[in-house]
Every structure is written in structure tokens, then in C-alpha cells.
Amino acid sequence: MAISRSDIAITLEQIIREIAQVMEDDSAFTRTTHLFDAGYIDSLGVVTLMEFIETSFGIELQEEDLFDERFATIEGMSAVIADRVSFPALRTDASPERR
């Protein structure tokens, strides 16, 4: 059974709250908040988040994923992950010259 984009967003929100120590009553933290500009995720948080995503969803993130504007929000991340999970061939499309 495929995981839904909504389920992915819920999972991401939970782990990001844990990584960034976001309180439940933080009204500025939403699924559309720019996580980097708002200071919720820093460089160490990105590494932790990437490891979590790769392990939890069974995908391999590419360097360009980090620079994809969608990866700045929970909603955007969940869309990218849902696409990768739905189309597994996209997981291994990294060019050797980009490594």
C-alpha cells in the first residue's frame, strides 16, 4: 500500500518538531513555513532530516533536492518524497558526473 502525501507530511512535521524542538503551541510553525528562513532547520538539522527521510521512506535524496525550492517547507518536502516513492526509478537517476 502506498503512503499518502498527507501521511508523509504528518511524519515530517513530527520529526522536524523533534529536531528543531518546536513547541506544539508555536503558531508560526506550519506546513507552509519556510523552515530555513524561519530558523527551524539549520545545517545540522538538514543532515539529520535527510538521514531520516532516506531511511524512513526508502529513497535516496540527491544534492539537487537540497536546492529544490519545494524542500523549504513540509508541504514541498512531502510532494517530492511522494513523487519519489510513487516513481522508484527516480531514486537512481543521479548522473555519475554529479557525484
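Residues numbered from 1 in each chain as written. Predicted model: local features only at pLDDT ≥ 70, side-chain atom pairs only at ≥ 80, totals over all residues. Heavy atoms only, no water.

So, on to the side chain of Thr73. Counting through the fold element by element, Thr73 comes out in the loop between α3 (63–67) and α4 (74–86). Given the relative accessible area of 16%, Thr73 is considered buried. Those residues in contact with Thr73, other than ones at most four positions away along the chain, are Arg31, Thr32, Thr33, His34 and Leu35. (Helix = DSSP H or I, 4+ residues; strand = E, 2+ residues; numbered from the N terminus. Buried < 20%, exposed > 50% of the residue type's maximum accessible area, 1.4 Å probe, protein only. Contact = heavy atoms within 4.5 Å.)

This brings us to the pattern of salt bridges. Under the definition given, this model contains six salt bridges. Notably, a salt bridge pairs Glu75 with Arg5, separated by 3.8 Å at the nearest N-O pair. Pair noted here: Glu75 is in helix α4 and Arg5 is in helix α1 (residues 5–20), with a separation of 70 residues, a long-range link. Judged by its relative accessible area of 28%, Glu75 is partly exposed. The class of Arg5 is partly exposed, set by a relative accessible area of 42%. For the salt bridge of Asp68 with Arg70, the shortest nitrogen-to-oxygen distance reads 3.0 Å. Overlapping salt bridges, with partners in common, bring together Glu13, Arg17 and Arg31 in one network. (Salt bridge = Lys/Arg side-chain N within 4 Å of Asp/Glu carboxyl O.)

Here α4 contains 13 residues, and its C-alpha end-to-end distance of 18 Å stays within 8% of the 18 Å for a straight helix at 1.5 Å per residue. Among all positions in α4, only Ile74, Gly76, Met77, Ser78, Ala79, Val80, Ile81, Ala82 and Arg84 are buried. (Expected span 1.5 Å × (residues − 1).)

So, on to the packing of aromatic side chains. Counting across every chain of the model gives two aromatic pairs. When the ring of Phe29 is compared with that of Tyr40, the centres are 5.0 Å apart and the planes differ by 75°; the resulting orientation is edge-to-face. Of the two residues, Phe29 sits in the loop between α1 and α2 (43–57) while Tyr40 sits in the loop between α1 and α2, which places them eleven residues apart along the sequence. Both residues of the pair, Phe29 and Tyr40, count as buried. Aromatic side chains Phe52 and Phe57 sit 6.5 Å apart centroid to centroid with 90° between the ring planes, which places their arrangement in the edge-to-face category. Under the relative-accessibility criterion, Phe57 is labelled buried at 12%. (Phe/Tyr/Trp six-rings, centres within 6.5 Å; stacked < 30°, edge-to-face > 60°.)

A word on the nonpolar core. Ranked by internal contacts, the top residues of the largest apolar core, which has 23 residues, are Leu12, Ile16, Leu35 and Ile53. Among the secondary structure elements, those contributing two or more residues to this core are α1, α2 and α4. The contact partners of Ile16, leaving out residues within four places of it in the chain, are Gln21, Val22, Phe29, Leu35, Ile41, Leu49, Ile74 and Met77. (Core = buried A, V, L, I, M, F, W, Y, C linked by side-chain atoms within 4.5 Å.)

Here we take up α1. Taking 1.5 Å per residue as the helical rise, α1 with its 16 residues ought to reach 22 Å, and the 22 Å between its terminal C-alpha atoms agrees with that figure. All of the buried residues in α1 are Ile8, Ala9, Leu12, Glu13, Ile15, Ile16 and Arg17. On the buried face of α1, the contacting elements are α2 and α4. Residue Gln21 follows α1 closely and has a positive phi angle near 55°.

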